[in-house]
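# Descriptive structure summary
What follows is the residue order along each chain.
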Amino acid sequence: ECKAPRPLLSVVPDAPPLVGIMDAAPAMGMKAAGSDATIAERDQYEKNVRMFHEFLNSNRSKWEKTLDTELANHRYRIPVELKDLRQAEEGLERKILQQPVKYLLAWEEALMTFLKDVNDKACRQLKQPLKLDIQGSFGRNHVTPRGMNCTQLHQLMKVEGIVTKSGLTAPKLLQSMHVRKNQEDGHVEQRDHRDATSFVQSSAAGAMPSHDSEGNELALEIGLSVYKDFQKFLIQEAPENSPPGQIPRSVEVICEGDLADKTKPGDRVQVTGVYKPFPVTKGDFTTGIWPARLIATSVSLLKDMTEAPFVSDDVKNIKNIAAREDAFELLARSFAPSICGHEKVKAGLLLQMIGGTEKNLPNGTHLRGDINVLLVGDPSCGKSQMLRFVMNIAPLAISTTGRGSSGVGLTAAMIKEPGSREFTLEAGAMVLADRGFICIDEFDKMGLNDRVAIHEAMEQQCVTIAKAGMHVTLNARCSVVAAANPIYGNFDPSLDLAKNIGMPDSLLSRFDLVFVVRDLTTEEIDRKIATQVLRQAQMRLSGVGGRRGVEHMHSNILERRQEVDLRKTQEATEVYVKGVPGADGQEAKQVLTVDFLRKYLRYCRRLTPKLSEEAQVAVGEKYCDMRMRFQSGFDDLMNPNAENKKPRLAVTTRTLEALIRLSTAHAKLKLRKDEVLPEDVNEAYKLMLIAREEEAPESAAPVVPDGGDDAPAPAGDASQGTKRTRDLAFEGQAGEAGGISASRFKSLQTLVGRTFASLDEPQLSRGELLETINAGLLAGEPAFSEGEFSTGLDRLEEENKIMTVADTGAVIFVG
């Protein structure tokens, strides 16, 4: 018969035999009370079965269709909306939330009976009994793990969080079969082993009979026994919802049957279940402190986070900002405005917040769209403050430090549970930061083996674990922003950039941008920093604004959404910060508010532009140019007389992918929905060159205004300057010696090689070559004069790069 197993009713045990006639009456009274309670419980159970059966028959066609759909998709948890229960009986939805055990088992039996009536064939083919999945608005019962307390015990709860630890799935005995030992008479006895996780209070659960009623010895028949899957996992409140400075709360979840093995560490889930205590009885005494666990009835993955929506005025303001010529500079200036200077570093972090476009190819290849940034610089340059700003503005960000993190702490770990042989898989920081940002401070303090552990997570964006008989792949699709000091604490001007950083190329190549943050000692920059710090100290803060604190974190999802609804007024978010004084009484430049910057970045992330044909050509040219800069021909490493012999950071295929990601991010910033244009590629190219401390073309790399920390020092200053200042001095010497500056000669060499490669001709006339080279210059870059061209060709011929035909004057490219 297709029928759910009846629950074992809790029966008051018989009183022990008492001595004395006066004690006989109380004992009989206890028996009568126990019998009456059992009868009342059975009557209530039958009443609930009839009630839900009538509820199903009231809309028979709808439930028939629902059952057919769910069973056809091999789903055995039938959804029931709380609003439908409210329409059937007023207040019924509150009863099921307050006393779920009283109704769930009876309703599931009624559901099985209804299925047998409407589709007896499907009922006979069931591999497991049907269960109910209560859905709808849970109100105060919709919480995070921080909101779970003693007042919610025995109630139906909906909990949201992130899975941090997951155990192995194991079979659990549901019904044991016993046969007579050493006899084959076909006698079989069964024992029900449903416990508290099945919402049944059975003191006999787990007890194995040794003899039958006739005294024959019994043996367990393992093959005929019935089992179900069993798994435990831990959900913790999401990092963006946990109050800073407090330990995140977590709750243990028990999954059985088809709910087992549906989640893995790092997943954001919404679990519906009954919150029940599990008393621990050791001896005759107890401390009264028992663990409480959530027995799941439904597990679903979460993708969306609670965020303030856009209003029409917000969209209008966002489009107005994007249409400005200085939109990139304005947004970069608004990123961490309290930090003086570092405009290019802020621009790189801004593009990282937007990100590129993730690509999953049909052959299974995954190309990441997240941008990784490394800040390397002197102490007290604001690197950590920039990381804190990223944490404040990002919807999901996790912070850690290199000294306090291990390789497994950043990725994932297999942990053996104390007191048992079971292994659990615990997610690390990069797995918990999936679809978000991870900020790693003091990156240089991390051990070598620990840094190697994050290589796979940074490029393939997944963490593979093969330990303790478990082979698991976890998602770690996050952007890494790390801050580190040089190998000797401060930058050593006598060493090149690669030796100052002191990290292997295998790790540096995984960072799209590697910025150098210098602490320059010039009077002008020091005064600007002092002025800005003093100006901030004079500002009076009105309220806490958007700061996150304990009083702003609600464990109840309903309260959090109500708070969002209060901010959901039809008034647009303030665009510009008001009342910010300028330096030395001057008018301050416009700066966007943090709330508007968050909305702007969130609006940009939704776009997915693709590279246009022109942009693809530009990306190829820029990549070839960077490869030439890296190799010996561009930096004159083969020339023993060259004064500019400095090895660059390695340029690999990952650099090409980084250029595409940065170009796509810039196109998103300009709200280009369809295509990435060549100007986006140029901006990304300039940013990558400046980040690598290489000299960009003159028209494409203007001197940073306002004299920030990374601005060049005055020409006559005797203190340390930037790379560009030293290059200008070298260019002057080269110009005096050969009639062409070093930067112009490098540009000429690049254009000569590009011209012969694109035309595929062995030789060209001088006039044709000069005309083609001048046509390939960037906008605003001055054309090569005849004198510069002649001097440059002579130097190239001395270095055996070209040959000149004496009779005709034609130029032959050697390579």
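Coordinates for the structure precede this section.
Every value quoted in this text rests on a predicted model; they were computed, and no experiment measured them.

Reading the values: the criteria
Each chain has its residues counted from 1, running along the sequence as written. Local features are withheld for residues below a pLDDT of 70 in this predicted model, meaning they are given only at 70 or higher, and side-chain atom pairs are given and counted only at 80 or more; totals for whole chains, interfaces and linings count all residues. Side-chain measures here rest on the full set of heavy atoms in the structure, leaving out hydrogens and waters. Strands are runs of DSSP state E lasting at least two residues, helices are runs of H or I lasting at least four, and both sets are numbered from the N terminus onward. Buried means the residue's accessible area, taken with a 1.4 Å probe over protein chains only, is under 20% of the maximum for its type, while exposed means over 50%, and partly exposed covers the values in between. For this analysis, residues touch if any pair of their heavy atoms sits within 4.5 Å. In short, Shrake-Rupley with a 1.4 Å probe defines the accessible areas, and a residue's cover is counted only from the protein chains shown. Any Lys or Arg side-chain nitrogen found within 4 Å of a carboxyl oxygen on Asp or Glu counts as a salt bridge. Points on a 1 Å grid over protein atoms alone make up a cavity when a 1.4 Å probe fits among them but cannot get out, and a pocket when they form an open set with protein on both sides within 12 Å along at least five of seven lines; lining residues each have an atom within 4 Å of a point. Grid points are joined across faces, edges and corners, and a volume is the space filled by probe spheres set on the points. Throughout this entry, Asp, Glu, Lys and Arg are counted as charged residues, while Ala, Val, Leu, Ile, Met, Phe, Trp, Tyr, Cys and Pro are counted as nonpolar. The remaining residues, Gly among them, count as polar. Any two strands with at least two DSSP bridges between them are considered paired. Each axis is a line fitted through C-alpha atoms, taken for helices only over the stretch in contact, and angles between the N-to-C directions span 0 to 180 degrees. We call a set of buried Ala, Val, Leu, Ile, Met, Phe, Trp, Tyr and Cys residues a nonpolar core when their side-chain atoms join them within 4.5 Å. To estimate how far a helix should reach, multiply one less than its number of residues by 1.5 Å. By arc we mean the arc of the directions from the helix axis to the C-beta atoms, nothing more.

### Side note on the overall build of the chain
- Counting secondary structure elements, the chain contains 27 helices and 26 strands.
- Residues counted as buried form 46% of the 815 residues belonging to the chain.
- Within the chain, contacts between residues separated by at least 24 positions form 71% of all contacts whose residues are at least 6 apart in sequence.
- Carbon and sulfur atoms make up 52% of the accessible area of the chain, which totals about 41,100 Å².

### Thoughts on the pattern of salt bridges
- Using the criterion set out here, one finds 34 salt bridges in the structure.
- Across the pair Asp267 and Lys264 runs a salt bridge whose closest N-O atoms are separated by 3.7 Å.
- Here Asp267 falls in the buried class, since its relative accessible area comes to 13%.
- Two residues, Glu786 and Arg766, come together in a salt bridge whose shortest N-O distance is 3.6 Å. Taken as a pair, Glu786 in helix α27 (residues 786-798) and Arg766 in helix α26 (residues 766-775) lie far apart in primary sequence, 20 residues in all.

### Details of empty space enclosed by the protein
- Using the criterion set out here, one finds four cavities of 30 Å³ or more in the structure.
- Its boundaries defined by the atoms lining it, the second largest cavity holds a volume of some 160 Å³.
- For the second largest cavity, the lining is made up of 13 residues, of which Leu508, Ser509, Phe511, Ala650 and Arg692 are closest to its centre.
- Looking at the lining of the second largest cavity, the elements with two or more residues in it are α16 (505-508), β21 (513-517) and α22 (653-669).
- Partitioning the lining of the second largest cavity into residue classes produces eight nonpolar, two polar and three charged.

### Quick notes on the environment of Met112
- Inspection of the secondary structure puts Met112 in helix α5 (residues 100-118).
- Sequence separation between Met112 and Cys123 is 11 residues; the distance between their C-alpha atoms is 7.6 Å.

### Regarding the sheet that holds strand β20 (residues 479-484)
- A sheet is described by the order of its strands in space; here five strands give the open sequence β14-β17-β20-β13-β21, paired in parallel fashion. Single-partner strands in this sheet number two, and they are β14 (397-401) and β21. Taken pair by pair, the neighbouring strands of this sheet meet at an average axis angle of 15°, ignoring direction.
- The sheet contact formed by β14 and strand β17 (residues 437-441) spans five bridges and is parallel. From the neighbouring strand, Thr401 faces β17, where its bridge partner is Asp441.
- Sitting on the sheet, helix α9 (residues 343-354) is in contact with β13 (373-377), β17, β20 and β21, with an inclination near 150° to β21.

### Notes on unusual backbone geometry
- Even without a glycine there, the phi angle at His74 is positive, about 60°.
- With respect to the helices and strands, the residue His74 is situated in the loop between α2 (60-72) and β1 (77-81).

### Some points on the nonpolar core
- Formed by 64 residues in total, the largest nonpolar core has its most connected members in Phe335, Leu350, Met353, Leu513, Phe515, Tyr600 and Leu671.
- Ignoring any residue separated from it by four or fewer positions in sequence, one finds Leu513 in contact with Gly348, Asn372, Val373, Leu374, Leu662, Leu687, Met688 and Ala691.
- Ranked by size, the runner-up nonpolar core spans 43 residues in total, among them Val49, Phe114, Cys123 and Phe230.

### Thoughts on helix α20 (residues 613-630)
- Compared with an ideal rise of 1.5 Å per residue, which puts 18 residues at 26 Å, α20 spans 26 Å between its outermost C-alpha atoms and is within 8% of the ideal.
- By the burial criterion, the buried members of α20 are Ala615, Ala618, Val619, Lys622, Tyr623, Asp625, Met626 and Arg629. Seen along its axis, α20 keeps its buried residues to an arc of 160°; they face one direction. Relative to its buried face, α20 has exposed residues pointing more than 90 degrees away, namely Glu613 and Val617.

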